[in-house]
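# A closer look at the structure
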Amino acid sequence: MSKLTLDRILQSQGFGTRKGCQQMIEAGEVSIAGACITNSRATFETEALEFVVYGEPWVYREHVYIALNKPANFECSRKPSHHPGVLTLLPEQFTWRDVQPVGRLDHDTTGILLMSDDGSFIHAQSSPKRHVPKVYAATTHDPVTPELVEQLLAGVKLHDEPAPLAALTCRKLSEHQLEIVLVQGKYHQVKRMLAAAGNHCTALRRSAIGNLTLDALELKEGEWCYLDEVQRALLVPGV
Ligand code: URA
């Protein structure tokens, strides 16, 4: 439990600088429990605090944990160069509170992307030691053969990688589609593994991280949602 002044609360939630938040409050743009609060030094218990800014309702969150269904042609980089960044798909408050993607998807890869402003969560989720399985549906240029699946399961040697990398599981979905589950998270890993096995990835979608599936979240491309504790608990190793 902690009590904070309203200007600090709004600042922590990504509504701008402290000064900007004070001006917003003094201009009568913030209300709590139906009452307009114009004193920026008024204090409130932050836990589960509901407030309205410019007519939009918000709930105080110490940290945010987000799943985005990333569309193609968005970059995960903090300084995108050729396409808009994924943060442009979220309310601008999240940029102010320094929400970042957890790991990266290529600009042309679609599917589930975690985002957060909690450094320990980002670190834990991206740690290679954690071996969180990530499930991808890859569309291939050439047909999916039993040999291709076998090679991906046995491990393929990638340039700059000391040891061959193997899929945790891999199965044919259709003539030109396979599901591959990886635990390593190397740069362009699916595309490079398919290329090393003699095929070519023409489209890639990440459908799950651990036991958290995009289907269960029911997000259309470009949509996002907060993840609660139960959903975050699904982001564990072991599918
Ligand atoms: N593997 C890739 O090749 N690209 C991604 O975006 C994710 C995994």
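Please refer to the structure placed before this passage.
Residues numbered from 1 in each chain as written. Predicted model: local features only at pLDDT ≥ 70, side-chain atom pairs only at ≥ 80, totals over all residues. Heavy atoms only, no water.

### Describing helix 6 (residues 189-196)
Buried within helix 6 we find Gln-189, Val-190, Met-193 and Leu-194. End-on view of helix 6: buried residues confined to an arc of 125 degrees, all on one side of the axis. The elements touched by buried residues of helix 6 are strand 10 (134-140), helix 5 (146-154), strand 12 (177-182) and strand 13 (201-209). Where helix 6 ends, the next residue or the one after it, Gly-198, has phi of about 90 degrees, a positive value. (Buried < 20%, exposed > 50% of the residue type's maximum accessible area, 1.4 Å probe, protein only. Helix = DSSP H or I, 4+ residues; strand = E, 2+ residues; numbered from the N terminus. Arc of directions from axis to C-beta. Contact = heavy atoms within 4.5 Å.)

### Comments concerning the side chain of Lys-134
Relative to the elements of secondary structure, Lys-134 occurs in strand 10. No salt bridge is formed by the buried Lys-134; the nearest opposite charge belongs to Asp-106, separated by 13 Å. The contacts of Lys-134, once residues within four sequence positions are left out, are Ile-180, Val-181, Leu-182, Arg-206, Ala-208 and Ile-209. (Lys, Arg positive; Asp, Glu negative; His and termini not counted. Salt bridge = Lys/Arg side-chain N within 4 Å of Asp/Glu carboxyl O.)

### As for unusual backbone geometry
Residues other than glycine predominantly adopt negative phi, and peptide bonds predominantly adopt the trans conformation. One non-glycine residue, Asn-73, adopts positive backbone phi at about 70 degrees. Checked against the element boundaries, Asn-73 lands in the loop between strand 7 (65-70) and helix 3 (92-96). A positive phi angle, close to 50 degrees, is found at Glu-218, a residue other than glycine. In this fold, Glu-218 is placed in the loop between helix 7 (214-217) and strand 15 (224-226).

### Focus on the sheet that holds strand 6 (residues 56-59)
Spatial ordering of the open sheet is given by 3-2-5-6, a layout of four strands whose pairing is antiparallel. Strands at the two margins of the open sheet, each flanked by one partner only, are strand 3 (35-36) and strand 6. Taken together, the two bridges between strand 2 (residues 30-32) and strand 3 define a ladder with antiparallel strand orientation. Paired with Ser-31 across the two strands is Cys-36, which belongs to strand 3. (Pairing = 2+ DSSP bridges.)

### Details of the site of the ligand
Every residue lining the ligand is accounted for by Leu-105, Asp-106, Thr-109, Tyr-136, His-188, Gln-189, Val-190, Lys-191 and Leu-204. Asp-106 is positioned such that a nitrogen or oxygen atom in its side chain is 2.7 Å from a nitrogen atom of the ligand. In this structure, an oxygen atom belonging to the ligand sits 3.2 Å away from a main-chain N or O atom of His-188. Protein contacts shield 95% of the accessible area of the ligand, which totals 240 Å² for the unbound molecule. Among the elements that make up the shell around the ligand, the one with the highest residue count is helix 6 (three residues). Of the residues belonging to the shell around the ligand, the class tally is four nonpolar, three polar and two charged. Shared between two domains, the shell around the ligand holds at least three residues of each, these being domain 2 (65-128 + 212-233) and domain 3 (133-209). (Near = heavy atom within 4 Å. Polar contact = N/O pair within 3.5 Å; in protein donor to acceptor, adjacent residues only side chain to side chain. Areas by Shrake-Rupley, 256 points an atom, 1.4 Å probe, with all protein chains shown as cover. Nonpolar A, V, L, I, M, F, W, Y, C, P; charged D, E, K, R; others polar. Domains from an automatic or database assignment.)

### Description of the environment of Asp-98
Here Asp-98 is to be found in the loop between helix 3 and strand 8 (100-101). Distance from Asp-98 to Asp-117, taken between C-alpha atoms, is 5.7 Å for residues 19 residues apart in sequence. Residues contacting Asp-98, with those up to four places away along its chain left out, are Arg-78, Ser-116 and Asp-117. At 3.5 Å, the side chain of Asp-98 and the side chain of Gln-100 are in polar contact.

### A short note on the pairing of strand 5 (residues 50-53)
Every second residue of strand 5 is oriented toward a common face, the buried set being Phe-51 and Val-53 and the non-buried set Glu-50 and Val-52. The pairing of strand 2 with strand 5 spans two bridges and is antiparallel. Residue pairing across strands places Ser-31 opposite Val-52, the latter belonging to strand 5. As defined by bridge partners, strand 5 adjoins strand 6 across four bridges and the pair is classed as antiparallel. Within strand 6, the residue paired with Val-53 across the bridge is Glu-56.

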